[in-house]
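As a plain string of letters, each chain reads:
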Amino acid sequence: MYPRIPHPSGRPSRHQSYNPWGPGYRPYQMPPGTYQNFDQVSRGNSPHFASHPAAMKRTHNQAWHPQSLVSDLPGLSTSVPVNARKRQHESPVPNGSKRQRVDSPSPQQRGGRLIAVPYFHNQAVPGTSNAASPGSSQNTHSQVPVTSGSASTLQDYAKDKLSKQMVELFEACQQQACDLTRKETCRSRLQRDIQSVFPVARLYLTGSSMSGLGCRSSDADLCLVLQGSTQGSPDPIHILTVLQAFFRPLGYLEKIHLIRAKVPILRFREKGSGLEFDLNVNNTVGIRNTFLLRSYAYADLRVKPIILAVKKWARHHQINDASKGTLSSYTLVLMVLHYLQTLGEPVLPSLQKDFPECFNPSMEIDMIPEGPRHIPPYKSQNKSSLGDLLQGFLKYYSSTFRWDTQVISVREGKALPKNKSAEWRNKYICVEEPFERNNVARAVHEQMKFNTIKSKFAASSQILAQSKDLNALLPVRATISKEASRK
């Protein structure tokens, strides 16, 4: 089991505060009147937050007052390369652009508070903390710099050839601060334009761009939140159709089309950069799971590199496209997290199980960024290399996991037995969405596609076990070059 630091309430002591956004994250000030429900939440009157730590700390007369913000965006180029030198800033935010965080209390300047973009003070490296001690009983989960005796860089997990290749791939392909800046600048501009049509609209950047699990070439997901309607929930198709017509004359957008999926989206590109956006309406579960995945992404240094390697592997083998009946990137991420939770000596805990109040599915959107900040640091006793974990991941899904009888559950941190409910019955792959508890792998609905996915896992597991070379699974240099060409 995980070492835990004793604390009677199960919450961190004031010396052990957990920061899922990494060192240096601070709350952000909200312009007055931006959120209708925030005044109630901040007084602790919300039924979900009567005893929430963040709610108890503030009154309705207290605003968030951030300290000065560093110029670089968070945790996107913060990993230390194998040579242990810190990566430099990419580029500052252009003057006048508004990030998805609030630097100023002026609504005229900031346009309303959106989900806070985290940042890392002085580019500290997320890792493990000395808050955990051998034999302690408190669950620890860290995103602060490590002290002596703990792995402080990826080099500690990359002594072999395969692991070094994974680090090289990760450092070349991971999303950088300048990539997020570009997405955030466009989001801010879009929000200003959308508010001329829907004045109460708020636009959130979600998905891998915000979770820390994105690549330099990753598209951007946007969630448009429209609340307070007296006529009930707005029809997403209607809203997106209105926006489609509204976007066409805008000079900075192109290739705008509506996709009528289970969650309808408006897909478009930013002219010049070619950056692609997928915009949905009121699919707020995407905001919740973005914060959950970011918490996992910074729980252990190995999480982001192995997820990126798995995504690139799946894309190379053509099993990473839900629109074509295979696995979505979100499904792949949950599969990796599940594997890391279920090892004999786990790399990750189940955050929802250990700290349910911090990831309450009924939590007000205003409070979502606050929840994970009250989790104590976590330190895994598993010291497996990146290469060993990648081999184990492929082997787990090729020979250990039972596709016909089990459901992958990151929420519970284990495989659940498949029941006869409509959600799981006659489904080839069952992966539970951590908040809505539906099947995020429902796109795999053909026997042939399912067989292809299984065969890719089995063949890759055998190849990697023999070669110990990432190039045997995907062309590393070509993948890096392709990523660089899409910057």
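Please refer to the structure higher up on the page.
Throughout this document, residue positions are counted from 1 along each chain, in the order its sequence is written. Local features are withheld for residues below a pLDDT of 70 in this predicted model, meaning they are given only at 70 or higher, and side-chain atom pairs are given and counted only at 80 or more; totals for whole chains, interfaces and linings count all residues. Only heavy atoms go into the side-chain values, all of them from the structure, while hydrogens and water stay out.

Participant: Even after reading the chapter, I still don't get the pattern of salt bridges, so can you show me in this structure?
Facilitator: By definition here, a salt bridge exists when the distance from a side-chain nitrogen of Lys or Arg to a carboxyl oxygen of Asp or Glu is within 4 Å. Within the structure shown, the criterion is met by 14 salt bridges. Residues R269 and E276 are paired through a salt bridge, measuring 3.6 Å at the closest nitrogen-oxygen approach. Buried, partly exposed and exposed residues are distinguished by accessible area as a fraction of the type maximum, computed with a 1.4 Å probe on protein chains only: under 20%, between the cut-offs, and over 50%, respectively. Its relative accessible area of 30% is what places R269 among the partly exposed residues. The class for E276 is buried, based on a relative accessible area of 16%. A salt bridge links R373 to E370; the shortest N-O distance between them is 3.8 Å. One connected set of salt bridges, linked through shared partners, spans R267, R269, E276 and D278.

Participant: Even after reading the chapter, I still don't get the packing of helix α5 (residues 177-194) against helix α7 (residues 236-247), so can you show me in this structure?
Facilitator: Angle between the axes and distance between the axes: these two values describe a pair of packed helices. For helices, the fitted axis covers only the stretch in contact; all axes are lines through C-alpha atoms, and the angles between them, taken along N-to-C directions, range from 0 to 180 degrees. In this text, helices come from DSSP runs of H or I with a minimum length of four residues, and strands from runs of E with a minimum of two, each type numbered from the N-terminal end. As a packed pair, α5 and α7 sit with axes 12 Å apart at the nearest point and diverge in direction by 105°. For the element pair α5 / α7, the angle class is roughly perpendicular. Residue-level contacts link L190, D193 and I194 of α5 to L243, F246 and F247 of α7. Every angle not falling under 35 degrees, over 145, or within 65 to 115 is termed oblique; those three ranges are roughly parallel, roughly antiparallel and roughly perpendicular. What makes two residues a contact is simply this: any of their non-hydrogen atoms within 4.5 Å.

Participant: Just checking my understanding: could you explain the packing of helix α4 (residues 161-173) against helix α14 (residues 476-485) for this structure?
Facilitator: Their axes nearest at 9 Å, the elements α4 and α14 cross at an angle of 10°. Between α4 and α14, the crossing angle belongs to the class labelled roughly parallel. Every residue of α14 that contacts α4 at E168, L169, A172 and C173 is listed here: V476, R477, T479, I480 and E483. Note that Gly is not counted as nonpolar here; it falls among the polar residues with everything else outside the nonpolar set of Ala, Val, Leu, Ile, Met, Phe, Trp, Tyr, Cys and Pro and the charged set of Asp, Glu, Lys and Arg. Of the residues belonging to the contact of α4 with α14, the class tally is 5 nonpolar, 1 polar and 3 charged.

Participant: Would you mind going over the environment of N426 with me for this structure?
Facilitator: When you line up the elements, N426 lands in the loop between β7 (414-417) and α13 (447-467). For N426, a relative accessible area of 71% corresponds to the exposed category. It is 9.1 Å that separates the C-alpha atoms of N426 and H445, two residues lying 19 residues apart in sequence.

Participant: Explain the sheet that holds strand β2 (residues 220-225) here, please?
Facilitator: In a beta sheet, neighbouring strands are held together by backbone hydrogen bonds and run either parallel or antiparallel to one another. Strands pair, by our definition, only if DSSP identifies at least two bridges between them. An order of β1-β2-β5-β4-β3 is seen for the 5 strands of this open sheet, with the pairing classed as mixed. Two strands close off the open sheet at either side, each with one partner strand: β1 (202-206) and β3 (253-259). The average undirected angle you get between the axes of adjacent strands in this sheet is 25°. Contacting β2, β3, β4 (265-270) and β5 (276-281), α7 runs over the sheet at an angle of about 160° to β3. The sheet contacts of helix α8 (residues 285-297) involve β1 and β2, and relative to β1 the element is tilted by about 40°.

Participant: Would you take a moment to explain α5 for this structure?
Facilitator: Quick reminder: α-helices carry 3.6 residues per turn. Residues three or four places apart thus point the same way. Expected span of a helix, by definition, is 1.5 Å for each gap between consecutive residues, and there is one gap fewer than residues. The terminal C-alpha atoms of α5 lie 25 Å apart, and with 18 residues this matches the ideal 26 Å at 1.5 Å per residue to within 8%. Counting buried residues in α5 gives 13 out of 18 residues, a clear majority hidden from the surface.

Participant: What exactly am I supposed to notice about the packing of aromatic side chains here?
Facilitator: Any two aromatic rings considered together are summarised by their centre-to-centre distance and by the angle between their planes. Any two rings among Phe, Tyr and Trp, with Trp reduced to its six-membered ring, count as a pair given centres within 6.5 Å; such a pair is stacked if its planes are under 30 degrees apart, edge-to-face if over 60, and tilted if neither. Counted according to the given criterion, the structure contains 17 aromatic pairs. When the centroid spacing of 5.6 Å and the interplanar angle of 15° are considered together, the rings of F268 and F277 count as stacked. Given a relative accessible area of 0%, F277 falls into the buried group. Measuring from ring centre to ring centre gives 5.3 Å for Y428 and F450, while their planes differ by 25°; the resulting arrangement is stacked. With Y428 in the loop between β7 and α13 and F450 in helix α13, this pair connects stretches of sequence that are 22 residues apart. According to the relative accessible area criterion, Y428 is partly exposed, its value standing at 23%. A network of ring pairs unites the aromatic residues W313, Y339, F393, Y396, Y397, F401, W403, Y428, F450 and F457 as a single cluster. Just above the ring of Y157 sits the side chain of R302; from NZ or CZ to the centre is 4.2 Å. Geometrically, a charge over a ring is one whose NZ (Lys) or CZ (Arg) sits within 6 Å of the ring centre while staying within 35 degrees of the ring normal.

Participant: Looking at this structure, I do not really get the pairing of strand β6 (residues 406-409). What am I missing?
Facilitator: Look at any regular strand and the pattern is simple: side chains alternate between the two faces of the sheet. Two strands pair when backbone bridges link them, and β6 and β7 are joined in this way by 4 bridges, in the antiparallel orientation. Counted as the bridge partner of S409 is K414 from β7. Joining the antiparallel neighbours β6 and β7 is a turn of 4 residues, in which G413 adopts a positive phi near 70°.

Participant: Quick question: what am I supposed to make of the nonpolar core here?
Facilitator: Ranked by internal contacts, the top residues of the largest apolar core, which has 71 residues, are M335, L337, L340, F393, Y397, I429 and F457. Where this core is concerned, the elements lending two or more residues are α4, α8, α9 (303-316), α10 (329-341), α12 (386-400), α13 and α14. Sequence-distant contacts of Y397, that is, excluding residues within four places in its chain, are made with M335, H338, Y339, W403, I408 and F457. Nonpolar cores are built from buried Ala, Val, Leu, Ile, Met, Phe, Trp, Tyr and Cys residues. Side-chain atoms within 4.5 Å join them into one set. Listed in part, the 29 residues of the second largest apolar core include L190, A201, A220 and L275.

Participant: Even after reading the chapter, I still don't get the environment of R189, so can you show me in this structure?
Facilitator: Mapped onto the secondary structure, R189 falls in helix α5. Judged by relative accessible area, which is 39%, R189 ranks as partly exposed. The sequence separation of R189 and Y252 amounts to 63 residues, and the corresponding C-alpha distance is 9.8 Å.

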